[in-house]
Amino acid sequence: MMEKDKLRKADMFSGGIICLFGLWIISQALKMPMKDSWGGVQNVWYVSPALFPLFVGAMIMLLGALLIKIAIKDVGLKAIGNVFGWLASKELNRFLKSPSNIRFYAITILFFSFVYLYIARIDFFLCSVLFLMVFISMFYFYDDDLLKKMLFFYLVGIAVFIGYFSVGLPALLEPTLPFASDWLTLAFIIAYCTYTWTLIRSAPALRKKYRTSLILAVTTPFLIGPIFKYLLLVPMPTEGLIVAVMDAIWYWEF
Amino acid sequence: MMIFDRIWSFFQIMFHLASDPLNMAILFGSVILGIIFGAMPGLTSTLGVALLTALTYGMDTSLAMICLLAIYVGGTYGGSYSSILINIPGTAAAAATALDGYPLACKGEGGRAIGLTTTASAIGTAISIIFVVSISPLISYFALQFTSFEFFLLAFFGILISGTLTSPDLVIKGWIAGFLGLFLACVGRDLLQFYPRFTFGIPELEGGVEVVPVLIGAFGIPQIIQVLKDRFQIGEAQKLQRIMPEIGTVIRNIPAIIRSALIGVGIGAVPGIGEDIAGWVSYGTAKNTSKHPETFGKGEIQGVLASETANNACVGGAQIPLLNLGIPGSPPAAMLLGALMLHGVTPGPMITFEHPTFISEVAAILLLASIAMWVSGMLLAKQVVKVLRIPTQIFMPIIGVLCIIGSYSLGLSIFNLYLMLPVGIVAYFLTEMGYPIAPLVIGVILGPMADENLRRALMVSQGSFMPVFTRPVSLILFLIIVWTIISQFRFYRRFKTKLMDLILRRKSCETVFDEDTVDK
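Computed from a prediction, not measured in an experiment: that's the story for all the values here.

Moving on, we get to the overall build of chain A. The number of helices and strands found in chain A is 11 helices and 2 strands. Starting at the N terminus and walking to the C terminus, you meet the elements of chain A as α-β-β-α-α-α-α-α-α-α-α-α-α. In terms of overall size, chain A is more extended than a compact globule, its C-alpha atoms giving a radius of gyration of 26 Å where 254 residues would be expected to give roughly 18 Å. Each of the three principal axes of chain A carries a C-alpha extent, and together these read 65 × 60 × 35 Å. Long-range contacts, defined as pairs at least 24 residues apart, comprise 73% of the intrachain contacts of chain A with a sequence gap of at least 6.

Laid out in structure tokens, this is it:
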């Protein structure tokens, strides 16, 4: 959590956003049937589906306004000017590029790429190995310069995958090369591991951490995944190359 | 007679559960997992319950409850390890424990402190079970008299009180978080007319926002971001010596343990307030009632016992509103509510009719879990402490994968993940700006109850709010809500101070007058 003074300044803005959000809820709720007929039922205001959203929207708006009032009372209107001044200054740029914010970008990029790009298109085990390898190595090495380099490499990989999927290459390649997307992911994992190795090979302490990252990244999905897939009978989000191999082993053996 | 029947049935259920080796294996496994989750700074019992819910999906209800309640009990207790040994609370519930636990560990009494907290935590849970078994029928009986207005007011009160007491900054922020949760609960087709609200034509939203992905996102993602972004590092753990508690110390502190357990049960029974508040209130009470308050904060064993007994007693207390009213008493209980619904058990006043032995079963599981916790704590404490050496940078990404697979597996829907992640990111920003997350989650859970009951109540009264003032329970709830709101404003505090001054002045005048009369 931020310091109190900064919190109050942030409250002016969060209060404003919350106030607008409440207004938006009310505007959407007003489009719902209040006294008209819906599904053969003649509405009255107290049974209307708009009643509760209107109440919630009004309360959110009111509380947002109260928050702004408290914030202004605490730090004064002048603080808004200071915040706008800060937003226009080079300080903002410095803040956005601060190490902790870069770490934040790295975490969010990793999660967003895993959820929105990979999980619905690539074998769960492969995309989990990629996610864990990148995630653990970025943070376990404890070096912000290394993190930046690895993040940049990973971003290039994301760009390649976005291009690959948006052009529609998986459908084109699938007849000639089964599990084409999975092979590409495997290639990316190997490329990432090789790149990371070249970055840390001169540091013995990091080499040990690299090995730990690699072992954990590979073993964890193979510990978690089979529990869900074979014991709880939960199909994986995407079943591709690795799941096909595991299925062959599992059903051959059992 | 009825009470004896219930106690007899409680012990029968307990022995029946304990006689199955699978139940016991799951119980001990979950308790140990809970202790590890609680001990690891950055992981909480709520997250543990949330992640395990996905694994219990295929189990029968009884086994699932053993699993979830055991991790809840173990997780709440496990927080004391890191509080005592490294001065970093493993969970918010153990924050007060660190104040005296770490100084004790520095004096070389870490093992003693852990041994005593383990025993006190087990006693705390056991005392709370007495209340779960004895009070539940009474609450159920009263709840059966509730009409829609009462249920609406109760849900509203739950959100308000949770917002009031859990907010780390302004109370208003807790309320905003609660209303944001209520908004999320509005998404989907409404329960009375099936009108699509805030669905934007997305078919996956028609059924509403799934509770479990929201819970996992709201509790898991911010935790991962905070720990990794701020480069959180675990310090060197203090060494553990003898863990077996001295019986004499426990007996000497029995009154304090009972008092702390009662505080824990009471706070747990209030909707939406967690173990952390119970720990702090109990610690504060112990300090205020102590003959030597100056020793608190310097390694006072009573301080450690107070907070740990209360936070574990809160587990049982939180089951009382959860089982009888369908209102979770704490964030992990909110998660339990989601899990119960997945298993086809709808908590509320009807639970004693639909599942007559369910409350006794929960109480029996809690007692078994507290025994398992004590045994595991005594035998495995030295091993569990080793997990504190694992760097957070390693286990947080693994937790990330668990959050993702857990959210997905509950509905086998990738859309759950598309929902979980934005909720998690928004929850992170809200946390950073001092908004509590518990009221948001309570809002998502209680939203449908509040919405449906408000409209149903108004339908019965033809749009009149008069029953709120004519029905005694409604009126009491309404007055409590009004008091909860206005007590937060400055004008109320000013008015209260003036009133108190006036009363005190009158009293002193009367005393002076009396003295004058006596003199004459």
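This brings us to the overall build of chain B. Along the backbone of chain B there are 22 helices and 2 strands. With the C-alpha coordinates of chain B rotated into their principal frame, the extents come out at 85 × 70 × 55 Å. The buried share among the 520 residues of chain B stands at 59%. Restricting the contact set of chain B to residue pairs at least 6 apart, pairs at least 24 apart contribute 79%.

The next point concerns the interface of chain A and chain B. Interfaces are often sized by the accessible area lost when the parts come together. The interface of chain A with chain B comprises 57 residues on the first partner and 52 residues on the second. Elements with a minimum of two residues in the side of chain A that touches chain B: α1 (4-29), α2 (51-75), α5 (99-118), α6 (124-140) and α10 (204-231) of chain A. When residues of the side of chain A that touches chain B are assigned to their parent elements, the largest contribution, 11 residues, is made by α2 of chain A.

This brings us to unusual backbone geometry. For residues besides glycine, phi is generally negative; the peptide bonds are generally trans as well. For Tyr142 of chain A, which is not glycine, the phi torsion reads 60° and is therefore positive. Secondary-structure assignment places Tyr142 of chain A in the loop between α6 and α7 (144-167). One non-glycine residue, Phe200 of chain B, lies in positive phi territory at about 50°. Tracing the backbone through its elements, the reader meets Phe200 of chain B in the loop between β2 (196-197) and α9 (211-229).

Take the domain arrangement of chain A next. Domain annotation for chain A reports domain 1 (4-96) and domain 2 (99-253). A straight line from the C-alpha centre of domain 1 of chain A to that of domain 2 of chain A covers 39 Å.

As assigned here, chain B comprises domain 1 (2-488) and domain 2 (492-520). Each of domain 1 of chain B and domain 2 of chain B was reduced to a C-alpha centroid, and the two centroids are 45 Å apart.

Looking at soluble globular proteins, one finds that nonpolar side chains tend to be buried together. Residues Leu68, Leu69, Ile176, Leu215, Leu366 and Ala369 of chain B are the most contacted members of the largest nonpolar core, which totals 236 residues. Contacts of Leu366 of chain B, omitting those with residues within four sequence positions, involve Leu69, Val73, Thr125, Ile129, Val132, Val315 and Gly316 of chain B.

All names here are of chain B. Looking at the element boundaries, Pro245 is found in the loop between α9 and α10 (247-252). For Pro245, a count of 21 C-beta atoms within 10 Å translates into the label buried. The spatial distance from the C-alpha of Pro245 to the C-alpha of Arg490 is 48 Å, given a sequence separation of 245 residues.

Residues and elements named next belong to chain B. The geometry of helix α7 (residues 148-166) relative to helix α21 (residues 472-486) is characterised by a closest axis approach of 10 Å and an angle of 25° between their N-to-C directions. By the angle between their directions, the pair α7 and α21 is classed as roughly parallel. For the pair α7 and α21, the sense of crossing is left-handed. Here α7 contributes Phe149, Glu150, Leu153, Leu154, Phe156, Phe157, Leu160, Ile161 and Thr164 to the contact with α21, which in turn contributes Val473, Ser474, Leu477, Phe478, Ile480, Ile481 and Thr484.

Residues and elements named next belong to chain B. In this model, helix α18 (residues 414-432) (19 residues) spans 28 Å end to end at C-alpha, consistent with the 27 Å of a helix rising 1.5 Å per residue. Listing the buried residues of α18 in full gives Asn416, Leu417, Leu419, Met420, Leu421, Val423, Gly424, Ala427, Tyr428 and Leu430. In the stretch just after α18, Gly434 is the one whose phi turns positive, near 85°.

A few words on the environment of Ser260 of chain B. Residues and elements named next belong to chain B. Assignment of secondary structure puts Ser260 in helix α11 (residues 254-269). Separated by 222 residues in the primary sequence, Ser260 and Val482 have C-alpha atoms spaced 29 Å apart. Not counting residues within four places of it along the chain, the set of residues in contact with Ser260 comprises Gly124, Ser282, Ala286, Leu305, Ala306, Thr309 and Ala310.

Let's shift gears to the confidence of the model for chain B. Residues and elements named next belong to chain B. A residue-level look at chain B finds 93% of positions with pLDDT of 70 or above and a mean pLDDT of 83. When pLDDT is averaged over each helix and strand of chain B, the minimum, 72, is found for helix α22 (residues 490-519) and the maximum, 93, for helix α8 (residues 171-186). Interface confidence for the predicted complex, given as ipTM, is 0.92, next to a pTM of 0.81.

A word on the packing of helix α3 (residues 45-55) of chain B against helix α4 (residues 61-86) of chain B. All names here are of chain B. For the pair α3 and α4, interaxial distance at closest approach is 8 Å and the crossing angle is 160°. When the axis of α3 is compared with that of α4, the two are roughly antiparallel. Here the hand of the crossing between α3 and α4 comes out right-handed. Taking contact as the criterion, the partners of Ser45, Gly48, Val49, Leu52 and Thr53 in α3 are, on α4, Cys67, Leu68, Ile71, Tyr72, Gly75 and Thr76. Grouping the constituent residues of the contact of α3 with α4 by class yields 6 nonpolar, 5 polar and no charged.

Residues and elements named next belong to chain A. With 17 residues, α6 should cover 24 Å at 1.5 Å per step; its first-to-last C-alpha distance of 23 Å lies within 8% of that length. By the criterion of burial, α6 is predominantly enclosed, with 17 of the 17 residues buried. A positive phi of about 60° marks Tyr142, the residue just after α6.

On to the environment of Met396 of chain B. Inspection of the secondary structure assignment puts Met396 of chain B in helix α17 (residues 392-411). Spatially, the C-alpha atoms of Met396 of chain B and Met373 of chain B are 25 Å apart, while their sequence positions differ by 23 residues.

About the cut-offs
- Residues numbered from 1 in each chain as written.
- Chains lettered and ligands numbered in written order.
- Predicted model: local features only at pLDDT ≥ 70, side-chain atom pairs only at ≥ 80, totals over all residues.
- Helix = DSSP H or I, 4+ residues; strand = E, 2+ residues; numbered from the N terminus.
- Rg over C-alpha atoms; globule rule 2.2 N^0.38 Å.
- Contact = placed C-beta atoms within 7 Å.
- Buried ≥ 20, exposed ≤ 12 C-beta atoms within 10 Å, placed from the backbone.
- Domains from an automatic or database assignment.
- Core = buried A, V, L, I, M, F, W, Y, C linked by C-beta atoms within 7 Å.
- Axes fitted to C-alpha atoms, helices over the stretch in contact; angles between N-to-C directions.
- Parallel < 35°, antiparallel > 145°, perpendicular 65-115°, else oblique.
- Left-handed = near helix turned anticlockwise from the far one by under 90°.
- Expected span 1.5 Å × (residues − 1).
- pLDDT = per-residue confidence, 0-100.
- Nonpolar A, V, L, I, M, F, W, Y, C, P; charged D, E, K, R; others polar.

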